[in-house]
Amino acid sequence: MDLSTEDNSYEGDEAALKEFLVDSKCLEPLAQWAGRFNAFDVLGIAKTEIRHSNVLAWLMDPAENHGLGDGVIRGFVDYAARNLEADDIFDDLLMDCDDFSIRREWRHIDILAVNEKEKYVLCIENKTFSGEHDNQLERYHTDVEREFPDCRRRFVFLTPDSREASEQESDWLPMGYEDVLGIIEGAMAASTPAAQQREFILEYMDAVRRNILEDRELKEICNRIYAKHRKALDLIYEYRPDTVSKVSDYCREWVRRKAESDETIQPGKEAGDKWNTTFTTGLMDRLVPRGGNPSGVFGKDGHYVYQIHVDDGGDVPKVRLQLVFNFEGLDEGPREECARVLTAIGGGIQPEFRSSG
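To keep things clear, this report deals only with the structure shown in the data block.

Analysis parameters
- Residues numbered from 1 in each chain as written.
- Predicted model: local features only at pLDDT ≥ 70, side-chain atom pairs only at ≥ 80, totals over all residues.
- Heavy atoms only, no water.
- Helix = DSSP H or I, 4+ residues; strand = E, 2+ residues; numbered from the N terminus.
- Pairing = 2+ DSSP bridges.
- Axes fitted to C-alpha atoms, helices over the stretch in contact; angles between N-to-C directions.
- Contact = heavy atoms within 4.5 Å.
- Phe/Tyr/Trp six-rings, centres within 6.5 Å; stacked < 30°, edge-to-face > 60°.
- Buried < 20%, exposed > 50% of the residue type's maximum accessible area, 1.4 Å probe, protein only.

1. Describing the environment of Lys228
Here is step 1 of the chain: Its place among the elements puts Lys228 in helix α10 (residues 216–228).
Here is step 2 of the chain: Considered as a pair, Lys228 and Cys26 are 202 residues apart in the sequence and their alpha carbons are 9.4 Å apart.

Right under this line is the structure:
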């Protein structure tokens, strides 16, 4: 890319950002979500499957202090009864739910609700952010049958979108988080939990809507804003202060300090992205001819840069120092000279020159 193209690109980026700032009122519909406090977001657990199972187990336990009594466990029992083809569903619908005990991670099952008095067991596998693995549903089914042979056994496969369990596990009833919210809302309407418990439950429901179900109204508002200001928002996202940006800032500061203490090192032109930091050295300036018409990160008539590249492809950014060449526009003589430099650097590897077109 030549300098004129870079300048045009910069002007286009600047114009997009100015247009977005002028139209800042478009963000006002997001205020009710952005300004809302949610303890699950603060603690960073809104997208943690095990935390959702913990909250659901707490809500399902009629002996806990949430103030909903047996409303939530009753909702789960009724859901299973009304959606299963079983001859004894009336026993389920009419049974007393006060005597349930809730077990977490019993033989690795997410939630196991046991009512020994009514000889009933409800097994829930919660797959909020993961999928099935290692025939786990079959193992759980076998464990429950072996441990509770005389009980009515119900199996629920809970996912964000009510997806079916694997074909061979037909006993598992699909259930979605929309259904769960409906059960909790019904239990809230039928009870009068204390203010503190009520606020906690409402925050949990809000976290489910935004992080699991993707709140439809919020999604539509964000889609409209993004469609209108796509370029500006892409730029803001690209240059957000993430880990890669912080590492690159450190690399640029390192180059600046080295240049202050060693006059043979010169910071390169800004690469225009958050992944690359460039610099040149006096030795390579003497070895690599100038001329032709490269620009951009190579500078005017330059043909090489040292580049510190930060790779954000994994959980931890990786930093790589590389020597980058561009011999566009060089005549045959200078190219041969550059070839000798590359051969010496590469331990005898012969360079291959390719046309930039």
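2. Observations regarding the sheet that holds strand β9 (residues 318–325)
Here is step 1 of the chain: Pairing is antiparallel in the open sheet, where 4 strands are placed in the order β6-β7-β8-β9. At either end of the open sheet lies a strand with only one pairing partner, and these are β6 (265–267) and β9. Averaged over all pairs of adjacent strands, the angle between their axes in this sheet comes to 30°, without regard to strand direction.
Here is step 2 of the chain: Strand contacts of helix α12 (residues 243–261): β6, β7 (276–281), β8 (304–311) and β9, with the helix running at about 15° to β7, the strand carrying the most contacts.

3. Observations regarding the packing of aromatic side chains
Here is step 1 of the chain: Scanning the model with the defined rule gives 7 aromatic pairs in all.
Here is step 2 of the chain: Ring centres of Tyr304 and Tyr306 lie 6.1 Å apart, and the angle between their planes is 90°; this geometry places the pair in the edge-to-face category. Of the two residues examined, Tyr304 and Tyr306, each falls in the buried class.
Here is step 3 of the chain: Through a chain of ring-to-ring contacts, the aromatic side chains of Trp254, Phe279, Tyr304 and Tyr306 assemble into a single cluster.

By themselves, these observations are geometric and do not establish any function.
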